[in-house]
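In case you want the letters, here they are:
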Amino acid sequence: MLDKTYSPAEVEAKLYDRWEKSGAFACDVASNAAPYTIMMPPPNVTGSLHMGHALTFTVQDILTRYQRMTGRDALWQPGTDHAGIATQMVVERNLAAEGVDRRDLGRDAFIEKIWEWKAESGGTIVNQLRRLGASPDWARERFTMDEGLSAAVRRVFVQLYKEGLIYRDKRLVNWDPKFQTAISDLEVEAKEVDGNLWHFRYPVEGEEGRYIVVATTRPETMLGDTGVAVHPDDERYKDLVGRHAILPLVGRRIPIVADEYADPEQGSGAVKMTPAHDFNDFEVGKRQNLEIINIFDAHAHLNENVPDTYRGLERFEARKRVIADLEALELIEKIEPHKHTVPHGDRSGVPVEPWLTDQWYADAATLAKPAIEAVETGKTVFVPKNWEKTYFEWMRNIQPWCISRQLWWGHQIPAWYGPDGTVFVEETEEEAAAAAATHYGKTVELTREPDVLDTWFSSALWPFSTLGWPEETPELARYYPGDVLVTGFDIIFFWVARMMMMGLHFMKDVPFRTVYIHALVRDAKGQKMSKSKNNVIDPLELIDRYGTDALRFTLTAMAAQGRDIKLAEGRVEGYRNFVTKIWNAARFCEMNGCAVDPAFDPAACTATVNRWIVGEVRKTSVAVAEAIEAYKFNEAAGALYQFFWGSFCDWYLEFTKPILQTPEGGTEHPAAAETRAATAWALNRALHLLHPIMPYVTEELWASFGEEADTMLISRPWPALAAELVDPAVESEMNWLIRLISEVRSIRSEMNVPPSAQIPLILTGAGATTEARVERYRDLILRLARLSEARLGTEVPAGAVQGVLDEATLVLPIADVIDVGQERARLTKEVGKVDGEIAKIDKKLSNEAFIAKAPEEVIEENRERRADELERRDRLSAALKRLEAVAG
């Protein structure tokens, strides 16, 4: 007997343990079934579950569970990422609390400390994924620093180097002076600050008293200026192009060059060029052959390339000194308050410095060409398709990829330097020593490259390294390429594009056929979640409060393609009520003797109501399958919700109560046995259809409504239901009944008829079919529409409200049960409120400034709200007209 209430906390851990121990998550490399592969985006080993994880892993789990049920041999490949800088920072912080610095430990001992930390704390995120109900093949879990993946990384690096696609170069990087490493663009956070814009006067050489004015937000960098750029068409400076300015404080002659980067409309139209400390200036410097002078050291202190008075100064202290000295020389034209964005290290919190340094690079432009072609020709498709444009924009303007990091934790670059700096790149130290001996003609001492690889380098190999590459394993042959990658738009370039490059280069095929880009999960107001805004919603707290199924269904129901999710806790609470509805419906079935009958044939049902529900199950099965396969997860959730709460609970169970519930002392209805079997069958199939989204409550109920008690629902096949189960005549008849009752209920609600009031229904103008249906279903109509009678007639009594159903007019005399004047006032007030809302939205949508600034999705939401309000006004206006008819 089912408990009175469903307790997720008691059920979930028990069921998950059973699933995992049963082997239900495992793929079968020897299977004859068609394979289906999803590569789990490996979460950082330092991470804990956030709402973005909850969405992406729910979607992946839905796909995996569904494909398993359809008979595919599904591999959802799990694992975690070593997260170089994040992990190193966590362990450094822990050591600092004990008064220990990593440099005192040395590299090897520090790395050992990280492995110890991983063993103790690195499993947090995977245990939280289990709480979410995720069902990857945990036995195949990988880690980007495990030995197999490390071997793949070394092989790829060495091969690309020997093909000329990896090289060392001196270029600008995002330099984090606190962590002393280059960082990727994804690790840079733009922060808006209140600063100043300083306008400096640079003397023009050979023309006493003439200056060229430049503006900067970073005065200290002027010590590294090597040029001034003006636009070629700027008439103010045409006579200065090709001449020189004298750099104040330094005395260096710097050329004045013509370059289209300079914007005549911005400031003075002249731009100071610091190629070693600004990404745009670096590009101009290359075009104009400007000198590149690095004025900072790794700590962002001024180095030997500046005058003695500034050497060793910290950058912000140097800023104050430079400003003071230029003021003393009367070379500051003006100072303007200026709000601007400054890039910061997302973990260190300090401003990032564009810094010229020797790093290792991958030739991304060459690697990108096949990856661009693969999407152009449809070998890989993006869903939604508009993300292909983003992919192309990034890939067609791709820059060399800085792949080295000045960290200790990560894949140490397999390069060794000889006594004269010659580099030897090999997979092992022994191979490097042999290559060096051949080069020098003797054995020499080699020094290992201290840098490690960008975390994204090993992640780029994930689709094939996890399957055993470079070995030719059965898994690699069977599960590569993958079917779909599910991820967020923010890492299309950092991860998706790089997997495409590496997969095509080393496997000669794309790593996945489809890339599904899901939306962002925002707060209820549509704002991005952040700790600073104090609006972060913890998915684990929601799971504790409402259960995993409620959270999963909420995220699925809101996962419309191309639209961010505005998550309010109330939505999760609402879908918790849906879980409760499913449980209570099962209890109702159990209490009414509805048990699965192995001999039940849905096609053999004789009762119209049973034939109808059988057809509804078939239609829902098709709708859910089509929606999941089209990545329209919200439509799948919507179809399930409408079927279970609407068709099954609100209608079928209500229609069949008189059949199932024999009055005391009465005889059982002739259709009772068939209806009990049909009810159990419909519930059983509904559990199948709900399972990919709501695995826990469905699995728990399966124990009572499954065909085989010893087989879990997770391992059951997706229902194969014949199209013939849908009978158009039956569907038409039952839909007529539902529409009739719904229309009467709607009129009662609009007119504020008290629920307890039983009113008559007269159908005028009804044809023979309608007359027969009224006779057939009169008892149900009276009970479910709360009517005193339902009959055909020709009269329209005074004080009656009317509605239309097909050819018939529904006449409901209500003057005796409502206060017409009071209802007229209420409806008039409601119409006024709606008109006010429409006017407010119209004002927004006609505001050009709002249209220019607002995101497209905000504009679309306003349009949809307007459409909803218009529909509501139409309903209220129609109700008001009906009321006028009642008043006569």
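Check the entry above for the structure.
A few words now on the packing of helix 10 (residues 364–376) against helix 16 (residues 492–507). Their axes nearest at 8 Å, the elements helix 10 and helix 16 cross at an angle of 90°. Accordingly, the angle class assigned to the pair helix 10 and helix 16 is roughly perpendicular. When helix 10 is examined against helix 16, the residues Ala 364, Leu 367, Ala 368, Pro 370, Ala 371, Ala 374 and Val 375 are found in contact with a partner set consisting of Met 500, Met 501, Leu 504 and His 505. Looking at side-chain class alone, the contact of helix 10 with helix 16 contains ten nonpolar, one polar and no charged residues.

Here we take up the environment of Pro 511. Its place among the elements puts Pro 511 in the loop between helix 16 and strand 23 (512–518). Among all residues touching Pro 511, those that are not within four sequence positions of it are Pro 463, Tyr 480, Pro 481, Gly 482, Met 499 and Met 500.

A few words on the pattern of salt bridges. Across all of its chains, the model carries 72 salt bridges by this definition. Two residues, Asp 483 and Arg 72, come together in a salt bridge whose shortest N-O distance is 3.2 Å. Note that Asp 483 is positioned in strand 22 (residues 482–488) and Arg 72 in the loop between helix 2 (51–69) and strand 2 (73–77), a separation of 411 residues in sequence. For the salt bridge of Glu 884 with Arg 824, the shortest nitrogen-to-oxygen distance reads 3.3 Å. With Glu 884 in helix 28 (residues 856–887) and Arg 824 in helix 26 (residues 820–845), this residue pair connects regions lying 60 residues apart in the sequence. Among the residues examined, Glu 884 registers a relative accessible area of 38% and is labelled partly exposed.

With that settled, consider the nonpolar core. In this structure, Met 51, Leu 63, Phe 644, Phe 648 and Phe 655 are the most contacted members of the largest nonpolar core, which totals 153 residues. The element that contributes the greatest number of residues to this core is helix 21 (residues 633–660), accounting for 15 residues. In contact with Phe 648, other than residues within four places in its own chain, are Ala 585, Cys 589, Ile 613, Phe 643, Leu 653, Thr 679, Ala 682 and Leu 683. One finds Val 156, Ala 371, Trp 387 and Phe 494 within the second-largest nonpolar core, a separate group that totals 63 residues.

What follows is about the pairing of strand 26 (residues 759–764). Burial analysis of strand 26 places five of its six residues in the buried class, the great majority of the element. As paired elements, strand 26 and strand 27 (residues 787–792) share five bridges and run parallel to each other. Bridge assignment links Pro 760 to a residue of strand 27, and that residue is Glu 789. Read as a crossover between parallel neighbours, the route from strand 26 over helix 25 (residues 768–785) to strand 27 is right-handed.

This next bit is on the sheet that holds strand 8 (residues 211–216). Ordered in space as 8-7-13, the three strands form an open sheet in which the pairing is antiparallel. Edge positions in the sheet fall to strand 8 and strand 13 (332–345), since each has one partner strand and no second. This sheet shows a mean twist of 20° between the axes of neighbouring strands, independent of strand direction. Lying on the sheet, helix 9 (residues 315–328) is in contact with strand 7 (188–203) and strand 13; it crosses strand 13 at an angle near 165°.

Quick look at helix 24 (residues 728–750) now. For helix 24, built from 23 residues, the straight-helix expectation of 33 Å at 1.5 Å per residue is met to within 8% by its first-to-last C-alpha distance of 32 Å. Taken together, the buried positions of helix 24 are Val 730, Glu 733, Met 734, Trp 736, Leu 737, Ile 738, Leu 740, Ile 741, Val 744, Ile 747, Arg 748 and Glu 750. With a side-chain oxygen positioned 2.9 Å from the backbone nitrogen of Ala 729, the residue opening helix 24 is Asp 727. Directly after helix 24, the chain includes Asn 752, whose backbone phi takes a positive value near 60°.

It is worth spelling out the side chain of Thr 380 at this point. Mapped onto the secondary structure, Thr 380 falls in the loop between helix 10 and strand 15 (381–383). Side-chain polar atoms of Thr 380 contact the backbone oxygen of Phe 512, separated by 2.7 Å. Every residue in contact with Thr 380, bar those within four places of it in the chain, is listed here: Ala 374, Val 375, Glu 388, Met 500, Val 510, Phe 512, Arg 513 and Val 515.

With that out of the way, let us pick up the environment of Trp 718. Its place among the elements puts Trp 718 in the loop between helix 23 (695–705) and helix 24. Taking relative accessible area as the criterion, Trp 718 reaches 12% and is therefore assigned buried. Distance in space between the C-alpha atoms of Trp 718 and Tyr 66 is 7.5 Å, their sequence separation being 652 residues.

Here the structure, examined in full by the defined rule, presents 42 aromatic pairs. Judged by centre distance (6.1 Å) and plane angle (70°), the ring pair of Tyr 16 and Trp 19 falls under edge-to-face. Of this pair, Tyr 16 and Trp 19 both sit in helix 1 (residues 8–22), three residues apart, which is roughly one turn of that helix. What links up through ring pairs into an aromatic cluster is the set Phe 553, Tyr 575, Phe 578, Tyr 641, Phe 643, Phe 644, Trp 645, Phe 648 and Tyr 652. The side chain of Arg 65 reaches across the aromatic face of Trp 19, ending 4.4 Å from its centre.

A separate point is the side chain of Asp 259. Considering the arrangement of structural elements, one finds Asp 259 in the loop between strand 11 (253–258) and strand 12 (270–273). Polar contacts involving the side chain of Asp 259 include one to the main-chain amide nitrogen of Tyr 261, which spans 2.9 Å. Only 2.9 Å separates the side chain of Asp 259 from the side chain of Gln 288, close enough to count as a polar contact. The residues touching Asp 259, leaving out its near neighbours within four places in the chain, are Ala 229, Val 230, His 231, Pro 232, Val 284, Arg 287 and Gln 288.

Let's shift gears to the sheet that holds strand 5 (residues 166–176). One open sheet accounts for four strands, arranged 6-5-14-16; its pairing is antiparallel. Looking at strand neighbours, the two that pair on one side only are strand 6 (181–183) and strand 16 (401–402), the edges of this open sheet. Both strand 14 (residues 353–362) and strand 16 contribute to a ladder of two bridges, which runs antiparallel. Of the residues in strand 16, the one forming a bridge with Ala 362 is Trp 401.

Rules used throughout
- Residues numbered from 1 in each chain as written.
- Predicted model: local features only at pLDDT ≥ 70, side-chain atom pairs only at ≥ 80, totals over all residues.
- Heavy atoms only, no water.
- Axes fitted to C-alpha atoms, helices over the stretch in contact; angles between N-to-C directions.
- Helix = DSSP H or I, 4+ residues; strand = E, 2+ residues; numbered from the N terminus.
- Parallel < 35°, antiparallel > 145°, perpendicular 65-115°, else oblique.
- Contact = heavy atoms within 4.5 Å.
- Nonpolar A, V, L, I, M, F, W, Y, C, P; charged D, E, K, R; others polar.
- Salt bridge = Lys/Arg side-chain N within 4 Å of Asp/Glu carboxyl O.
- Buried < 20%, exposed > 50% of the residue type's maximum accessible area, 1.4 Å probe, protein only.
- Core = buried A, V, L, I, M, F, W, Y, C linked by side-chain atoms within 4.5 Å.
- Pairing = 2+ DSSP bridges.
- Right-handed = clockwise from strand over helix to strand, strands pointing away.
- Expected span 1.5 Å × (residues − 1).
- Polar contact = N/O pair within 3.5 Å; in protein donor to acceptor, adjacent residues only side chain to side chain.
- Phe/Tyr/Trp six-rings, centres within 6.5 Å; stacked < 30°, edge-to-face > 60°.
- Lys NZ or Arg CZ within 6 Å of the ring centre and 35° of its normal.

From the geometry alone we can't say anything about function, so treat these as descriptive.
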